[in-house]
Amino acid sequence: MPPPSAMLMLMEPAPISTITWTIDVLSEVFSTGEWHLVLSLGETIGDGYCSQTMTAWMTAADLCLSGDG
């Protein structure tokens, strides 16, 4: 997974931690040879913690992953 999108909300470098990730695999087929579109939404950030949701689609616009952390 990429770094938390909530890091873009920081005004200066700071430590950040995600305690728990939940990932739902929504497709029986997951291609590693194609492109994937990832939408990452930072919801909150503060005191070294963050909350975000992520969704990933494969080339044919098939939803393949959904998660939060």
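Presented here is a report on the structure given in the accompanying data block. (Residues numbered from 1 in each chain as written. Predicted model: local features only at pLDDT ≥ 70, side-chain atom pairs only at ≥ 80, totals over all residues. Heavy atoms only, no water.)

Describing the sheet that holds strand β2 (residues 37-46)
Spatially, β1-β4-β3-β2 is the arrangement adopted by the four strands of the open sheet, whose pairing is antiparallel. Every interior strand has two partners, whereas the edge strands, β1 (22-25) and β2, have only one. Along the sheet, successive strands turn relative to each other by an average axial angle of 10°, direction set aside. Examined bridge by bridge, β1 and strand β4 (residues 63-68) share four bridges and lie antiparallel to one another. By the bridge assignment for β4, I23 is matched with G67. (Pairing = 2+ DSSP bridges. Helix = DSSP H or I, 4+ residues; strand = E, 2+ residues; numbered from the N terminus. Axes fitted to C-alpha atoms, helices over the stretch in contact; angles between N-to-C directions.)

Focus on the environment of I45
Along the polypeptide, I45 turns up in strand β2. Considering only alpha carbons, one finds I45 and A6, 39 residues apart in sequence, at a separation of 6.2 Å.

Considerations on the side chain of Q52
With respect to the helices, strands and loops of the structure, Q52 is situated in strand β3 (residues 49-57). Owing to a relative accessible area of 1%, Q52 belongs among the buried residues under this scheme. Side chain to side chain, Q52 and S40 meet in a polar contact 3.4 Å long. Excluding anything up to four places from it in sequence, Q52 contacts P4, S5, A6, W21, S40, L41, G42, E43, G67, D68 and G69. (Buried < 20%, exposed > 50% of the residue type's maximum accessible area, 1.4 Å probe, protein only. Polar contact = N/O pair within 3.5 Å; in protein donor to acceptor, adjacent residues only side chain to side chain. Contact = heavy atoms within 4.5 Å.)

Details of the pairing of β4
Where β3 meets β4, five bridges bridge the pair, whose relative direction is antiparallel. Each residue of the ladder has a partner; that of M54, found in β4, is G67. The antiparallel hairpin formed by β3 and β4 contains five residues in its connecting segment, where A61 sits at a positive phi of about 65°.

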